[in-house]
Amino acid sequence: MAEIRIEGLTRSFGDVRAVDDISIEVADGDFLVLLGPSGREKTTLLRMIAGLLEPSAGRILLGERDITHLPARQRDLAMVFQSYALYPHLSVERNIGFPLRTARVPRAEIRSRVREVAGQLELDHLLDRRPRELSGGQHQRVALGRALVRDPQAFLMDEPLSNLDAKLRTATRTELTALHRRLGRTFIYVTHDQVEAMSMATRVALLNDGQVEQIGTPTQVYDTPASVFVAGFLGAPPMNLLTARVEAAGPLLTVQAPGLRIPLWPDSAPSRDVTLGIRPESLHRVPADDAATGERHPGVEIDGVVTAIENLGSEEVAWCDVHGQAVALRGPRPLGLAVGERTRLGVDPARVHLFDRASGRRLAWQQPAVRSAVTIPAGGPPVPPDPTSVAPAAASV
Ligand SMILES: Nc1ncnc2c1ncn2[C@@H]1O[C@H](COP(=O)(O)OP(=O)(O)OP(=O)(O)O)[C@@H](O)[C@H]1O
Ligand SMILES: [Mg+2]
């Protein structure tokens with residue numbers, strides 16, 4: 001069993017608590033990605049799991065075994081570093097086989113294991129080369145090979161694809177996912193690249209200020225971000241975050257942002273300042289004909305002026321100025337918008353997110369059952385908000 005349990009793990013550097021009381025359970029066979037911007041303790045956390053850095057407090061369990069204070073080499077974990085160090089004077093074959101030689105594995109077995117791993121990573125034709133005769137991507141694969149050759153209980157990887165060009169990174173990503181499936185081993189993988197996280201992880205843990213901001217499947221963290229930090233980190237461009245307020249108005253609560261009113265279920269919660277989140281792909285352009293008739297769907301359409309267009313290949317992003325706030329709309333190219341143009345943006349109310357302005361935490365909300373005032377976009381009715389995303393009861397709107 002290679003279940004890894006991290007309990008109350010803490011690490012201070014001087015007076016600064018870098019990793020602050022983190023607890024995570026990584027199930028056997030999970031591919032957990034530790035995701036976060038630069039300097040958010042991802043490497044520090046991984047180094048403690050690997051046994052390269054002593055925690056200030058807390059425990060690390062591998063299956064039933066407490067490995068918190070065990071030397072790195074006794075942990076049966078393989079680590080691939082951000083800056084992989086190969087032995088410059090050894091051939092690729094000897095670099096990959098190095099961990100087996102130190103473990104005194106018989107020579108014939110080393111040879112066959114190295115060849116098997118080299119085959120998996122398409123390094124067979126490079127076995128006699130020295131590291132200086134390899135490209136960056138080949139280097140990286142040799143470093144991976146050296147981790148794979150040992151068949152450890154779990155793999156710890158720190159940005160192993162960071163030095164690859166875009167094409168090789170995509171290919172190696174697919175290869176790593178396949179490898180994970182084939183080996184059935186536990187992976188803990190550090191990256192600040194959300195595409196890597198979303199595409200490879202079975203679960204993602206977002207780190208911020210030394211703590212876990214949210215942990216969940218890629219779908220959960222994207223569709224129901226637990227906080228403004230998560231919402232603003234995931235997505236390209238990330239979620240539009242608008243200053244808004246929830247107000248009791250007649251029988252309904254409405255969330256009000258400049259030029260935008262969205263009705264919510266009546267509730268006894270008080271009015272409050274909120275951050276309204278709308279993903280760029282949740283906005284659609286209201287065709288000019290509809291806009292020209294002057295017919296409005298109150299609360300679900302906003303007017304803006306296009307300030308920039310970004311071509312992403314198959315899609316396009318239009319940046320709009322909406323009452324002084326920058327709002328991105330993302331959709332298939334061409335969107336048919338031009339810089340300087342006035343446009344009306346439609347918002348599917350079921351796809352908006354609400355966060356408490358002060359705490360930044362997600363707020364639970366519901367829409368009125370009667371949707372007469374709501375535009376339902378082509379492609380079917382809106383997806384209701386995920387009930388699992390419900391914030392603590394006290395915080396619900
Ligand atoms: N040995 C150390 N002594 C003092 N501070 C440290 C030490 N190691 C890390 N830190 C600090 O801890 C914080 C987290 O560093 P860490 O390397 O874990 O970040 P990271 O999330 O891996 O960032 P990146 O994405 O840039 O690799 C940083 O502010 C860093 O300066
Ligand atoms: Mg790092």
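The shown structure was predicted, so the numbers you read here are calculated from the model rather than taken from an experiment. For every chain, the first residue of the written sequence is number 1, and numbering continues from 1 along that sequence. Whichever chain is written first is A, and whichever ligand is written first is 1; the rest continue in order. Given that this is a predicted model, residues contribute local features only at a pLDDT of at least 70 and side-chain atom pairs are listed and counted only at 80 or more, while totals for whole chains, interfaces and linings are drawn from all residues. Based on all heavy atoms of the structure, the side-chain values leave hydrogens and waters out of the count.

## Some words on helix α5 (residues 166-183)
Every helix listed is a DSSP run of H or I at least four residues long, and every strand listed is a run of E at least two residues long, numbered separately from the N terminus. For a helix, the expected span equals 1.5 Å multiplied by the number of residues minus one. Look at α5: 25 Å from first C-alpha to last across 18 residues, which is about the 26 Å you get at 1.5 Å a residue. Thr 172, Arg 173, Leu 176, Thr 177, Leu 179 and His 180 are the residues of α5 that are buried. Taken around the axis of α5, the buried residues stretch over an arc of 160°, which confines them to a single face. Projecting away from the buried face of α5 at angles above 90 degrees are the exposed residues Lys 167, Thr 174 and Arg 181. In this analysis, two residues are considered to be in contact whenever any of their non-hydrogen atoms come within 4.5 Å of each other. Where the residues of α5 are buried, they touch β3 (31-35), α3 (107-120), α4 (136-148), β7 (154-158), β8 (186-191) and α6 (194-200). Identification of polar contacts relies on pairs of N or O atoms within 3.5 Å, with a donor-acceptor requirement for protein atoms, meaning one able to donate a hydrogen and the other able to accept it, and with residues adjacent in sequence counted only if both atoms are side-chain atoms. For α5, the capping residue at the N-terminal end is Asp 165, with a side-chain oxygen 3.1 Å from the backbone nitrogen of Lys 167. Relative accessibility thresholds used throughout: buried, under 20% of the residue-type maximum; exposed, over 50%; partly exposed, between the two (1.4 Å probe, protein chains only). Think of the arc as the fan of directions from the helix axis to the C-beta atoms.

## Looking at the sheet that holds strand β2 (residues 16-26)
Strand pairing is assigned whenever DSSP identifies at least 2 bridges connecting the two strands. Strand order in the open sheet formed by four strands is β2-β1-β4-β5, and the pairing between neighbours is antiparallel. One side of each edge strand has no neighbouring strand; the edge strands of this open sheet are β2 and β5 (65-66). Axis lines are fitted through C-alpha atoms, for helices just across the contact stretch, and the angle between N-to-C directions can take any value from 0 to 180 degrees. The sheet strands contacting helix α1 (residues 42-50) are β1 (4-13), β2 and β4 (57-62), and the helix crosses β1 at an angle near 120°.

## Let's talk about the pattern of salt bridges
Salt-bridge detection follows one rule: a side-chain nitrogen of Lys or Arg within 4 Å of a carboxyl oxygen of Asp or Glu. For the structure on display, the rule yields 20 salt bridges. Between Arg 113 and Glu 116 there is a salt bridge; the shortest N-O distance is 3.4 Å. Taken together, the residues span about one helical turn, with Arg 113 and Glu 116 both in helix α3 at a distance of three residues. The partly exposed category is assigned to Glu 116, whose relative accessible area is 43%. Between Arg 285 and Glu 341 there is a salt bridge; the shortest N-O distance is 3.8 Å. Of this pair, Arg 285 sits in strand β15 (residues 283-285) while Glu 341 sits in the loop between β18 (325-332) and β19 (342-347), and the two are 56 residues apart along the sequence. Under the relative-accessibility criterion, Arg 285 is labelled partly exposed at 28%.

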